[in-house]
Amino acid sequence: MDFELLDSLIQSKKEQFWEMSDQIWGFAEMRFKEDQSSRLQMEFLRNEGFTVEEGIGDIPTAFSARAGSGRPVIGLLGEYDALPKLSQEADVTVKKPLAEGAPGHGCGHHLLGTGCLEAAVAVKDYLLEHPGQGTIVYFGCPAEEGGAGKAFMVREGCFKDCDICLAWHPYSATFASVSSLANARIIYRFTGKSAHAATSPYLGRSALDAVELMNVGCNYLREHMIPDARVHYAVTDTGGDAPNVVQAHAEVIYSVRAPRVDQVCELAERVHNIARGAALMTETKVEIQVVSAYADVLQNKVLDNLVYGHMKEIFPLDYSHEELDYAEKFHAVGDPGDWTLYQTMAAKIMGENGKAFFRGAMADVCVPPLPLKQGSTDVGDVSWNVPSAWFGSACFALGTPAHSWLAVAQGKSSIAHRGMTGAASVLARTALELMERPELVEAAWEEMKEAKKNCEYRCLIPEDVRAGSF
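The paragraphs below set out a description of the structure included in this document. Here the structure is a predicted model, which means the values were calculated and not measured. Per chain, residues are indexed from 1 in the order of the written sequence. In keeping with the predicted nature of the model, local features appear solely for residues at pLDDT of at least 70, side-chain atom pairs appear and are counted solely at 80 or more, and the whole-chain, interface and lining totals rest on all residues. Only hydrogens and water are set aside when side-chain values are computed; all heavy atoms of the structure are taken into account.

**Looking at the overall build of the protein**
As a reminder, the rule being used: Strands are runs of DSSP state E lasting at least two residues, helices are runs of H or I lasting at least four, and both sets are numbered from the N terminus onward. Exposure categories follow from relative accessible area, calculated using a 1.4 Å probe and restricted to protein chains: below 20% of the type maximum is buried, above 50% is exposed, and the middle band is partly exposed. By the convention used here, residues are in contact when the closest approach between their heavy atoms is within 4.5 Å. Using the Shrake-Rupley algorithm and a 1.4 Å probe, accessible areas are obtained, with residue cover drawn only from the displayed protein chains.
Scanning the protein from terminus to terminus reveals 14 helices and 14 strands. Counting only C-alpha atoms and orienting by the principal axes, one finds that the protein spans roughly 80 × 45 × 45 Å. Taking all 470 residues of the protein together, the buried fraction comes to 59%. Long-range contacts, defined here as pairs at least 24 residues apart, represent 81% of the contacts in the protein between residues at least 6 apart. Total accessible area computed for the protein in this model is approximately 19200 Å², and 51% of it derives from carbon and sulfur atoms.

In structure tokens, the structure reads:
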């Protein structure tokens, strides 16, 4: 592979992608409503000579863009959705919303999607200089945050033509593959009967009581579920603001997580039963709606080691004094829990000395693949159907938690831009090596098939639930 050519191709266009990521940062569009973000990327890709297909998977803001010909077909999984109520002014170390209550890119998806697109363009340009067999496909994937966009896309067969899929994610550290927790997001809607709470409360049946009893029941459940499982909830409808009225409707949304899909299925059924019990106790009715679900990431050692090899060629980045001073300001107001997580990861590989790599403003180590499960992502659903790999690139100062205004504030910095371009370089190198060495593709498929012998993939989203239905 001609790394010198590839690097020059990436460097020649990097500022266009930095500008694109900044534009998407400014759009800050929520799940399934990423109209401007997806349109911007599609227009750019058409101008670059890609063949674009809009609205794939029956999702208006999902699309694919392909270039090249023949096999292998390498998919790059882009995202561009923002998070609610995280609007934030850039480059300031105090919480200062641009618009109170508006969304913001607190998980760096403006960088994630643009970095994958940057890699796709680099691979396309490289193939024009070095013609060979292989197709690169950029997938615009909406609604990773709570919407499980890729799970719906998997269900609709969007990735069935792919031989390999690759992805990355902005973080405050650089690391190769980790796995994730499987996750289901479920809405419980209770319906009762209203009555005046002072004159005739006995005539009412409180839906809010049912929600509260369900939450109490689930809190008692915690003692009796596996230690690695997680159950979170938020009450989204209390039935009204008047305390002197028995609430006839109330709603709570639950997120049920566990290391494997089958464990989520089992735990979710137990939560369903608690909801049914709460309805029985209050003589109300409950409607249960699974609105999104994520599989755990099925790690693939063939691909993870390939990615890690290329990561070591690019990372760690050499930061300027100005960039380090910038990072230090955000590190000083950051969350120690963020770098404690990475210290734990490093200690598993390097012993206690590994923790020293996560004590400065910018993490200066590239952590190898680890058999850890952190968070949840719909990349997991893709990984059970197509051999996949993903990794993290440092785009924020150490101590920057995901889903925070601190991440939004740093989202247009040179550190963020360079972390994104570094990730794009890794993705492009990995994709091109897979095209040049098809035996690696075959080996990755064999590994995935072997891993699936112990636990088959199952999408928890019912067939009648459509993307964006909540």
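**Quick word on the environment of Ser388**
Our working definition: What qualifies as a polar contact is a pair of N or O atoms within 3.5 Å, subject to a donor-acceptor requirement within protein and to the restriction that residues adjacent in sequence count only when both atoms come from side chains.
Examined against the element boundaries, Ser388 turns out to sit in strand β14 (residues 388-394). Under the relative-accessibility criterion, Ser388 is labelled buried at 5%. For the pair Ser388 and Phe159, spaced 229 residues apart in sequence, the C-alpha to C-alpha distance is 11 Å. Excluding residues within four positions of it along the chain, Ser388 makes contact with Cys165, Leu298, Asn300, Leu303, Val382 and Ser383. There is a polar contact of 2.7 Å between the side chain of Ser388 and the backbone oxygen of Val386.

**Looking at the sheet that holds strand β7 (residues 182-191)**
Put simply, the test is: Any two strands with at least two DSSP-identified bridges between them are counted as paired. Angular values range over 0 to 180 degrees, each being the angle between N-to-C directions of two axes fitted as lines to C-alpha atoms, with helices fitted over their stretch in contact.
One open sheet holds the four strands; their spatial order is β9-β11-β7-β12, and the pairing between them is antiparallel. Looking at strand neighbours, the two that pair on one side only are β9 (230-237) and β12 (285-294), the edges of this open sheet. Each strand of the sheet is rotated relative to its neighbour by a mean of 20°, with strand direction disregarded. Across the sheet, helix α7 (residues 261-282) is in contact with β7, β9, β11 (249-258) and β12; its angle to β7 comes to roughly 15°.

**A short note on the nonpolar core**
Soluble, globular proteins show a tendency: their nonpolar side chains are buried together. Just so we agree on the cut-off: Buried residues of nine kinds, namely Ala, Val, Leu, Ile, Met, Phe, Trp, Tyr and Cys, make up a nonpolar core once their side-chain atoms join them within 4.5 Å.
Core analysis: the largest hydrophobic core is formed by 78 residues, its most contacted members being Phe139, Met153, Phe159, Tyr188, Phe190 and Met214. For this core, the leading source of residues is α7, giving 10 residues. Sequence-distant contacts of Phe159, defined by excluding residues within four places in its chain, comprise Leu77, Phe139, Cys141, Lys150, Met153, Val154, Cys165, Val382 and Val386. Formed by 76 residues, the second largest nonpolar core is a distinct cluster that contains Val52, Tyr80, Ala389 and Val426.

**As for the environment of Pro401**
Topologically, Pro401 is positioned in the loop between β14 and α12 (405-409). For Pro401, a relative accessible area of 22% corresponds to the partly exposed category. Along the sequence, Pro401 and Pro336 sit 65 residues apart, while their C-alpha atoms lie 9.2 Å from each other. In this structure Pro401 touches Asp335, Asp338, Leu406 and Ala407, once residues within four positions along its chain are discounted.

**Digging into the layout of surface pockets**
Note the following rule: Throughout, the protein atoms alone are placed on a 1 Å grid, and a set of points is a cavity if a 1.4 Å probe fits but cannot get out or a pocket if it is open with protein on both sides within 12 Å along at least five of seven lines; lining residues have an atom within 4 Å of a point. Grid points are joined across faces, edges and corners, and a volume is the space filled by probe spheres set on the points. Only Asp, Glu, Lys and Arg are considered charged, only Ala, Val, Leu, Ile, Met, Phe, Trp, Tyr, Cys and Pro nonpolar, and every remaining residue, Gly among them, polar.
In this structure, the second largest pocket occupies an estimated 210 Å³ of space. In terms of lining, the second largest pocket is formed by Ser179, Arg260, Asp296, Val297, Leu298, Gln299, Lys373, Trp384, Ala451, Asn454 and Cys455. In the lining of the second largest pocket, the residues fall into five nonpolar, three polar and three charged.

**Some remarks on the packing of aromatic side chains**
The condition is simple: Aromatic rings from Phe, Tyr and Trp, taking only the six-membered ring of Trp, are treated as a pair when their centres fall within 6.5 Å; an angle between ring planes under 30 degrees marks them as stacked, one over 60 as edge-to-face, and anything in between as tilted.
Evaluated as defined, the whole model comprises eight aromatic pairs. Relative to Tyr80, the ring of Phe63 lies with its centre 6.4 Å away and its plane at 5°, an arrangement referred to as stacked. You can see Phe63 sitting in strand β2 (residues 63-69) and its partner Tyr80 sitting in the loop between β3 (73-79) and α3 (109-129), a full 17 residues away along the chain. Side by side, Phe63 and Tyr80 carry an identical accessibility label, which is buried. Judged by centre distance (5.1 Å) and plane angle (40°), the ring pair of Tyr171 and Phe175 falls under tilted. Given a relative accessible area of 6%, Phe175 falls into the buried group. The structure contains a cluster of three or more aromatic residues connected by ring pairs, namely Phe63, Tyr80 and Tyr138.

**As for the pattern of salt bridges**
The line we're drawing: For salt bridges, the criterion is a side-chain nitrogen of Lys or Arg within 4 Å of an Asp or Glu carboxyl oxygen.
Taken as a whole, this structure holds 27 salt bridges when the rule is applied. Glu79 serves as the salt-bridge partner of Lys150, at 2.6 Å between the closest nitrogen and oxygen. Here Glu79 lies in strand β3 and Lys150 lies in helix α5 (residues 149-155), a separation of 71 residues in the sequence. Two residues, Lys150 and Asp378, come together in a salt bridge whose shortest N-O distance is 2.7 Å. Placement of Lys150 in helix α5 and of Asp378 in the loop between β13 (366-367) and α11 (379-383) is noted, with a sequence separation of 228 residues between them. In this pair, the class of Lys150 matches that of Asp378, namely buried. Linked by salt bridges that have partners in common, Lys13, Glu48, Lys124 and Asp125 make up one network.

**Some thoughts on the side chain of His109**
If you trace the backbone, His109 turns up in helix α3. For His109, the side chain forms a polar contact with the side chain of His169, separated by 3.5 Å. When residues no more than four places from it in sequence are discounted, the contact partners of His109 are Glu79, Tyr80, Asp81, Glu144, Glu145 and His169.

**As for helix α8 (residues 301-314)**
Note the cut-off: By this rule, a helix spans an expected 1.5 Å times one less than how many residues it contains.
The terminal C-alpha atoms of α8, which comprises 14 residues, lie 20 Å apart, in line with the 20 Å expected from a rise of 1.5 Å per residue. Burial in α8 covers these residues: Leu303, Asp304, Leu306, Val307, Tyr308, His310, Met311 and Ile314.

**Here's the deal with the packing of α8 against helix α13 (residues 414-436)**
Applied cut-off: Reported orientations rely on four angle classes, namely roughly parallel under 35 degrees, roughly antiparallel over 145, roughly perpendicular from 65 to 115, and oblique for the rest. In this scheme the handedness of a crossing depends on how the near helix is turned from the far one: anticlockwise by less than a right angle means left-handed, clockwise means right-handed.
For the pair α8 and α13, the least separation of the axes is 9 Å and the interaxial angle reads 130°. In this view, α8 runs oblique relative to α13, as classed from their interaxial angle. Once α8 is placed against α13, the crossing between them reads as right-handed. On α13, the residues that touch Leu303, Leu306, Val307, His310, Met311, Glu313 and Ile314 of α8 are Gly422, Ser425, Val426, Arg429, Thr430, Glu433 and Leu434.

Just geometry here; none of it tells us what the structure is for.
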